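# What the coordinates show
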Amino acid sequence: MIETPSLVDQYCHGVLRTELGLGTFEAHLARSEGPPAPGTTFFDTQTGFAVRRWCPPLLGLEPHCPPARYLARRRELGVLEAGRRLLRGSGITTYLVDTGLPGDLTGPGEMASTADADAHEIVRLELLAEQVADTSGTVDAFLANLAESVHAAAAHAVAFTSVAGVRHGLAFAPEPPGPGEVRGAVGRWLAHRPVGGALTDPVLLPHLLWIAVASGRPLQLHAGLGEPGLRLDAADPVLLTDFARATAGLGTDLVLLHGYPYHRHAAHLAGVFPHVHVDLGAELVRTGARAGAVLAEVLELAPFGKILFSSGAHGLPELHVVGARLFREALARVLGTWVAEGAWSPADAQRVAGLVAAGNARRVYGLG
């Protein structure tokens with residue numbers, strides 16, 4: 001029996017504090033630019049079926065109960081009590097929380113209290129730059145304040161994360177932009193940017209990455225499936241090959257988030273470069289009953305000390321539960337099969353399970 005008593009969720013978001021209706025709840029089950037097919041709902045996905053399998057028992061219902069019944073029970077308990085039961089039933093003992101999304105989401109402190117777990121902050125670089133831009137009237141002020149803000153964030157955050165791949169794609173030049181190029185880009189951005197405007201500039205996005213690399217904190221890079229409007233091929237992690245090569249030996253770990261459906265490419269990079277790691281993230285949540293096949297493909301190429309568990313959950317505590325349960329089930333199924341076939345020893349399987357579930361994340365992020 002493969003056991004993973006402790007899980008470190010190395011990348012997730014907070015949960016919503018507000019009650020959700022059926023339509024709003026469903027919208028969090030799939031990232032889509034439109035409604036579901038006629039006569040269906042977003043519960044009719046691998047993620048939706050996984051929610052119905054794993055979450056109802058934590059709220060006192062039978063597995064696979066109808067969505068309407070599940071949501072009625074959720075409302076009966078109230079959003080706080082339902083969230084408490086779900087998060088505490090997930091088996092996650094440490095959360096690393098990206099605080100860079102808008103909305104009424106819990107932060108690390110509230111996540112820790114609700115889940116009775118540890119929680120730490122991940123700082124999103126683009127949001128940090130946007131906040132600096134809101135209070136910096138000149139190019140010189142922006143550059144000075146940005147450097148100071150990144151330095152201050154590095155003192156308390158366990159990692160930085162970047163959505164450069166989501167906003168512009170990952171095919172940026174691997175070398176740092178030159179000072180003149182950066183100053184010109186800042187000037188143009190500040191001149192035309194409304195307050196709160198998003199950072200999408202192809203010069204400033206990699207500039208942020210290099211500032212983060214210099215901090216020494218682990219840097220998480222989003223790849224693969226992202227927002228619906230992004231061309232998926234622009235977020236293939238193989239496009240980061242030159243950046244990974246350029247940052248080798250500088251003392252900063254890179255963690256490739258999500259990756260799917262290019263998870264084998266991400267696993268390959270983790271095998272080639274000593275400072276590159278790969279997470280399992282939302283790909284297990286999205287693939288549901290097929291999560292074991294995806295996990296096995298990552299294990300084909302990535303060294304076992306370079307793979308990290310995460311739920312990638314956002315908004316719904318159900319997604320933390322599903323991420324954790326699917327991971328445990330998939331890991332037990334894949335490694336258990338290899339043990340039964342004689343390919344692995346039980347001791348090796350248990351050791352690898354502990355590394356992927358928590359040990360690798362504790363080492364990379366210095367969690368002790």
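For the structure, see preceding data.
Here's what I pulled together on the structure shown here. Only a predicted model underlies this, so the values are computations on that prediction, with no experimental measurement involved.

To continue, consider the overall build of the protein. Within the protein one finds 16 helices and eight strands. In terms of C-alpha radius of gyration, the protein reaches 21 Å, essentially the compact-globule figure of 21 Å for 368 residues. In terms of its C-alpha atoms, the protein occupies a principal-axis envelope of roughly 60 × 50 × 40 Å. When contacts within the protein are restricted to residue pairs at least 6 apart in sequence, long-range pairs at least 24 apart make up 75% of them. In the form shown here, the protein has an accessible surface area of approximately 14,800 Å², with 56% of it arising from carbon and sulfur atoms. Across the protein, the mean location of the 29 positive side-chain charges is 4 Å away from that of the 36 negative side-chain charges.

Let us look at the sheet that holds strand S5 (residues 219-223). In sheet architecture, strand pairing relies on hydrogen bonds along the backbone and comes in two forms, parallel and antiparallel. Judged by pairing direction, the sheet is parallel, and its eight strands sit side by side in the order S1-S2-S3-S4-S5-S6-S7-S8 without closing on themselves. Single-partner strands in this sheet number two, and they are strand S1 (7-12) and strand S8 (307-308). Pairing analysis gives three bridges linking strand S4 (residues 159-162) to S5, with the strands arranged parallel. In the sheet register, serine 162 faces S5, and the bridge partner there is leucine 221.

Between helix H2 (residues 46-54) and helix H15 (residues 317-340), the least distance of the axes is 9 Å, while the angle of their chain directions is 85 degrees. For the element pair H2 / H15, the angle class is roughly perpendicular. Two secondary-structure elements touch here, H2 through Thr47, Ala50, Val51 and Trp54 and H15 through Glu318, Leu319, Val321, Val322, Arg325, Leu326 and Glu329. Its residues placed into classes, the contact of H2 with H15 shows seven nonpolar, one polar and three charged.

Counted residue by residue, strand S6 (residues 254-258) has five buried out of five residues, so it is predominantly covered. Two elements, S5 and S6, share five bridges in a ladder whose sense is parallel. When the sheet's bridge partners are listed, leucine 219 is paired in S6 with leucine 254. Where S6 lies against strand S7 (residues 276-279), three bridges are found, and the strand directions are parallel. By the bridge assignment for S7, leucine 254 is matched with valine 276. The β-α-β motif built from S6, the intervening helix H12 (residues 263-272) and the parallel element S7 has right-handed crossover chirality.

According to the stated counting rule, one finds eight aromatic pairs in the structure shown. Ring centres of phenylalanine 25 and phenylalanine 43 lie 5.8 Å apart, and the angle between their planes is 10 degrees; on these two criteria the pair is classed as stacked. Of this pair, phenylalanine 25 sits in helix H1 (residues 22-27) while phenylalanine 43 sits in the loop between H1 and H2; the two residues are 18 residues apart in sequence, bridging distant segments of the chain. An identical accessibility class is assigned to phenylalanine 25 and phenylalanine 43; each is buried. Ring centres of phenylalanine 142 and tryptophan 189 lie 5.8 Å apart, and the angle between their planes is 75 degrees; on these two criteria the pair is classed as edge-to-face. Taken together, the positions of phenylalanine 142 in helix H7 (residues 139-154) and tryptophan 189 in helix H9 (residues 179-192) put the pair 47 residues apart, joining distant regions of the chain. Its relative accessible area of 2% is what places phenylalanine 142 among the buried residues. Overall, tryptophan 189 belongs to the buried group, its relative accessible area being 10%. Through successive ring pairs, a cluster of aromatic residues spans Phe25, Phe43 and Tyr70. Sitting over the face of the ring of tryptophan 54, arginine 53 holds its NZ or CZ atom 3.9 Å from the ring centroid.

Another aspect to go through is the nonpolar core. Ranked by internal contacts, the top residues of the largest apolar core, which has 107 residues, are Tyr70, Tyr95, Phe160, Leu219, Phe243, Phe327 and Leu335. The element contributing the most residues to this core is H15, with 10 residues. When sequence neighbours within four positions are dropped, the list of residues in contact with leucine 335 reads Ile2, Leu299, Trp344, Ala349 and Ala353. In this structure, Tyr11, Ile122, Ala358 and Ala361 belong to the second largest nonpolar core, which totals 14 residues.

For the rest of this paragraph, the subject is the pattern of salt bridges. Counting across every chain of the model gives 14 salt bridges. Note that glutamate 62 and arginine 69 form a salt bridge whose closest N and O atoms lie 2.6 Å from each other. Judged by its relative accessible area of 35%, glutamate 62 is partly exposed. The partner of arginine 183 in a salt bridge is aspartate 140, and the shortest N-O contact between them spans 2.7 Å. Here aspartate 140 lies in helix H7 and arginine 183 lies in helix H9, a separation of 43 residues in the sequence. By relative accessible area, which is 38% here, arginine 183 ends up partly exposed. Sharing partners across several salt bridges, the network here consists of Arg17, Asp104 and Glu110.

The terminal C-alpha atoms of helix H16 (residues 346-364) lie 25 Å apart, and with 19 residues this matches the ideal 27 Å at 1.5 Å per residue to within 8%. Most pronounced at valine 356, the bend in H16 amounts to some 55 degrees. Looking only at H16, the buried set comprises Ala349, Val352, Ala353, Val356, Ala357, Ala358, Asn360, Ala361 and Val364. Check the buried side of H16 and you find it contacts S1, S6, S7, S8 and H15. Among the residues trailing H16, glycine 366 stands out with phi positive, at a value near 65 degrees.

Thresholds, definitions, all that
- Residues numbered from 1 in each chain as written.
- Predicted model: local features only at pLDDT ≥ 70, side-chain atom pairs only at ≥ 80, totals over all residues.
- Heavy atoms only, no water.
- Helix = DSSP H or I, 4+ residues; strand = E, 2+ residues; numbered from the N terminus.
- Rg over C-alpha atoms; globule rule 2.2 N^0.38 Å.
- Contact = heavy atoms within 4.5 Å.
- Areas by Shrake-Rupley, 256 points an atom, 1.4 Å probe, with all protein chains shown as cover.
- Lys, Arg positive; Asp, Glu negative; His and termini not counted.
- Charge placed at Lys NZ, Arg CZ, Asp CG, Glu CD.
- Pairing = 2+ DSSP bridges.
- Axes fitted to C-alpha atoms, helices over the stretch in contact; angles between N-to-C directions.
- Parallel < 35°, antiparallel > 145°, perpendicular 65-115°, else oblique.
- Nonpolar A, V, L, I, M, F, W, Y, C, P; charged D, E, K, R; others polar.
- Buried < 20%, exposed > 50% of the residue type's maximum accessible area, 1.4 Å probe, protein only.
- Right-handed = clockwise from strand over helix to strand, strands pointing away.
- Phe/Tyr/Trp six-rings, centres within 6.5 Å; stacked < 30°, edge-to-face > 60°.
- Lys NZ or Arg CZ within 6 Å of the ring centre and 35° of its normal.
- Core = buried A, V, L, I, M, F, W, Y, C linked by side-chain atoms within 4.5 Å.
- Salt bridge = Lys/Arg side-chain N within 4 Å of Asp/Glu carboxyl O.
- Expected span 1.5 Å × (residues − 1).
- Bend = angle between axes of the 7 residues up to and from the residue.

Just distances and angles here, no functional claims.
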